[in-house]
Structure formats: structure tokens, C-alpha cells
Amino acid sequence: MLKTLGKNFKAVLLVSLSLLICGDFAGAQPKAGSTAATPAPAGQEWEGFVSQQKEEFIQVVTAQEEWTALWKRAFDQPAPAVDFERHAVACVFLGYSATWLFAIVFDEPQVRDTTVVIPFGLVEMILELNGPFKAGGQYAMKVIEKRKGYRLALEETPDSQRSIRRN
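These remarks concern the structure in this document.

Criteria and thresholds
- All chains use their own residue numbering, which begins from 1 and follows the written sequence.
- In view of the model being predicted, local features appear only for residues whose pLDDT reaches at least 70, and side-chain atom pairs are presented and counted only at 80 or more, with totals across whole chains, interfaces and linings using the full set of residues.
- By convention in this description, side-chain values take in all heavy atoms of the structure and omit both hydrogens and water.
- Relative accessibility under 20% of the residue-type maximum defines a buried residue, over 50% an exposed one, and the middle range a partly exposed one, all with a 1.4 Å probe and only protein chains included.
- Here a helix means four or more residues in a row that DSSP labels H or I, a strand means two or more in a row labelled E, and each is numbered from the N terminus.
- Pairing between strands is defined by DSSP: at least two bridges between the two strands are required.
- Angles here are taken between N-to-C directions and fall from 0 to 180 degrees, while the axes themselves are lines fitted to C-alpha atoms, restricted in helices to the stretch in contact.
- Pairs of residues are marked as contacts when any of their non-hydrogen atoms sit within 4.5 Å.
- Counting of polar contacts relies on pairs of N or O atoms within 3.5 Å, with two restrictions inside protein: one atom must be capable of donating a hydrogen and the other of accepting it, and residues adjacent in sequence are counted only when both atoms are side-chain atoms.

A look at the pairing of strand β1 (residues 45-48)
Here is step 1 of the chain: Residues of β1 alternate between two faces, with Trp-46 and Gly-48 buried on one and Glu-45 and Glu-47 left unburied on the opposite face.
Here is step 2 of the chain: In this structure, β1 lies alongside strand β7 (residues 138-145), joined through 4 bridges in antiparallel fashion. The residue bridging Trp-46 from the neighbouring strand is Met-141, located in β7.

Remarks on the sheet that holds strand β3 (residues 87-95)
Here is step 1 of the chain: As summarised here, the arrangement of the 4 strands in space is β1-β7-β3-β2, forming an open sheet in which the pairing is antiparallel. What marks the edges here is a single partner per strand, and that holds for β1 and β2 (57-61). With strand direction ignored, the average angle separating the axes of adjacent strands in the sheet is 10°.
Here is step 2 of the chain: Contacts from helix α2 (residues 64-75) reach β1, β2, β3 and β7 within the one sheet, and its direction differs from that of β2 by about 150°.

Here's the deal with the side chain of Ser-51
Here is step 1 of the chain: Turning to its location among the elements, Ser-51 is positioned in the loop between β1 and β2.
Here is step 2 of the chain: In this structure the side chain of Ser-51 is engaged in a polar contact, spanning 3.2 Å, whose partner is the backbone nitrogen of Gln-53.
Here is step 3 of the chain: Of note is the side chain of Ser-51, whose polar atom sits 2.8 Å from the backbone oxygen of Gly-137.
Here is step 4 of the chain: Setting aside its immediate chain neighbours within four residues, Ser-51 contacts Ala-74, Phe-75, Phe-93, Tyr-96, Gly-136, Gly-137 and Tyr-139.

By themselves, these figures tell us nothing about what the structure is for.
Okay, here's the thing in C-alpha cells:
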């Protein structure tokens, strides 16, 4: 996980800084695309720092109805196409109570008994802000392949910054 966090941290930091410099940080919204479009492939990700998802939502979405409702609630947009026969979506929304700005990083799924565990971690973004930070619904979502006979679960890693700060 640490190797993945380190690799992704630089990319997330650069993107975040460019959003701040360009002044589009608060208005960034995901693009849903056409609902008739080709379904999102395994590995497709959506991430951002602003959503209307006020409560923390950390869950694997496995059905179209739930996916559609999530996009309506979080972005007031139609959901991108996902083939829920073959895929699910790992979703981490921090809600409005996040104490800081985090990069949300998914690690490779791991099989444990009859469960495919999708590890995720939070990395604190190091920024100097001109005013106090106000959480605005940070999120990350990733399309995961389903495996017949296995359930899916998200698990926050022990080295996640939020986990460390809770202890």
C-alpha cells in the first residue's frame, strides 16, 4: 500500500495544485458521460474534492439502481454506464465532516476466503491555504471486476492517514 500511496501521491498533489492555481478547485465536477455510452471498464476511476454527498459513504455499489441514486444524490447528474453483471464500483465519499483534504487511494483487490477486499487509504494533502479548510464532499470511485462466488468489501488500510490520526 505504501508503494501505491507514494506513486499516486505525487500525481494527486500535482493535479490538486493545478486545480488550485487555475481557480477551478471548488467547481470541479465529474463528467457522467452518456448513459448510452460504452460501459466503464474495470479500473475506471472518478475522483474529486466537491460533491453533494454530505454524509460519509464507504461502500461497494453492486446494482444499477444504487449507482443511479448515488450520482443523483452526489452530483445531480445521470450516472455513467457500468455493466453491473461483470463489475461493481468501490466508492469512498468522505462527506462534509472530513477534517482535512485527502487523496483517496485504492490498492489492488485481495482475495480473503470468499471475499474480495478492496483496500483504500487516505493521504493528507500538504497545502498552504489562505483560509480555513471546509470539507466539501471529497470522493473517489473505482470500477472493480466481480468474481463469481465472492462478495466485495472495502477496507481502510492501517497506514491510512485518517486511521493513524484516530488512534
